[in-house]
Amino acid sequence: MPTISPSVLPILMLFASNVFMTFAWYGHLKFKESWLPLAIVVSWGIAFFEYCLAVPANRWGSALYTAAQVKTMQEVITLIVFAGFSVLYLKEPLGWNHGLGFALIAAGAFLIFHKWS
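Overview of the structure. (Residues numbered from 1 in each chain as written. Predicted model: local features only at pLDDT ≥ 70, side-chain atom pairs only at ≥ 80, totals over all residues. Heavy atoms only, no water.)

Here we come to the layout of surface pockets. Regions of empty space are outlined by a rolling probe, equal in size to a water molecule, passed over the atoms. In this structure, the largest pocket spans a volume of roughly 310 Å³. For the lining of the largest pocket, the element with the most residues is helix α3 (residues 67-88), which contributes six residues. The class makeup of the residues in the lining of the largest pocket is eight nonpolar, five polar and three charged. (1 Å grid on protein atoms, 1.4 Å probe; cavity = no way out; pocket = protein on both sides within 12 Å on 5 of 7 lines; lining within 4 Å. Points joined across faces, edges and corners; volume = space filled by probe spheres on them. Helix = DSSP H or I, 4+ residues; strand = E, 2+ residues; numbered from the N terminus. Nonpolar A, V, L, I, M, F, W, Y, C, P; charged D, E, K, R; others polar.)

The final tally for this structure, using the stated rule, is one salt bridge. Residue E75 is joined to K71 by a salt bridge in which the shortest nitrogen-to-oxygen separation is 2.6 Å. Residue E75 and its partner K71 are located together in helix α3, separated by four residues, close to a single helical turn. Given the relative accessible area of 46%, K71 is considered partly exposed. (Salt bridge = Lys/Arg side-chain N within 4 Å of Asp/Glu carboxyl O. Buried < 20%, exposed > 50% of the residue type's maximum accessible area, 1.4 Å probe, protein only.)

Across all of its chains, the model carries 10 aromatic pairs by this definition. Ring geometry for F23 and F85: centres 4.9 Å apart, planes at 85°, overall edge-to-face. Placement of F23 in helix α1 (residues 9-26) and of F85 in helix α3 is noted, with a sequence separation of 62 residues between them. A relative accessible area of 6% means that F85 is categorised as buried. Their ring planes at 80° and their centres at 5.3 Å tell us that F48 and F49 sit as a pair that is edge-to-face. (Phe/Tyr/Trp six-rings, centres within 6.5 Å; stacked < 30°, edge-to-face > 60°.)

Shape is all these values report; function is a separate question.
See the structure below:
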């Protein structure tokens, strides 16, 4: 049975946790007519599953990466997941400014991960 590399597992878990979190935070925007307290409770329930993935991903990831690197991965993954969510679920297009902003964040991630001598 194949196993997942310890360096890849936290990244996959962060992707999965971000899908849950994005739906928890923004999924209700398609149902703005629904009762706000209901949206809060449903979002909180969805966020539980995000925590079940994010907490171990951060713990296991910190065994191989620095905390700053894990946080940087989290932020880049969040943008990737949100970009897909925005276009596919919310039907909101992304413009050149979004692409440029994401590229600048990716440049920041490079600075965090690059081995400086």
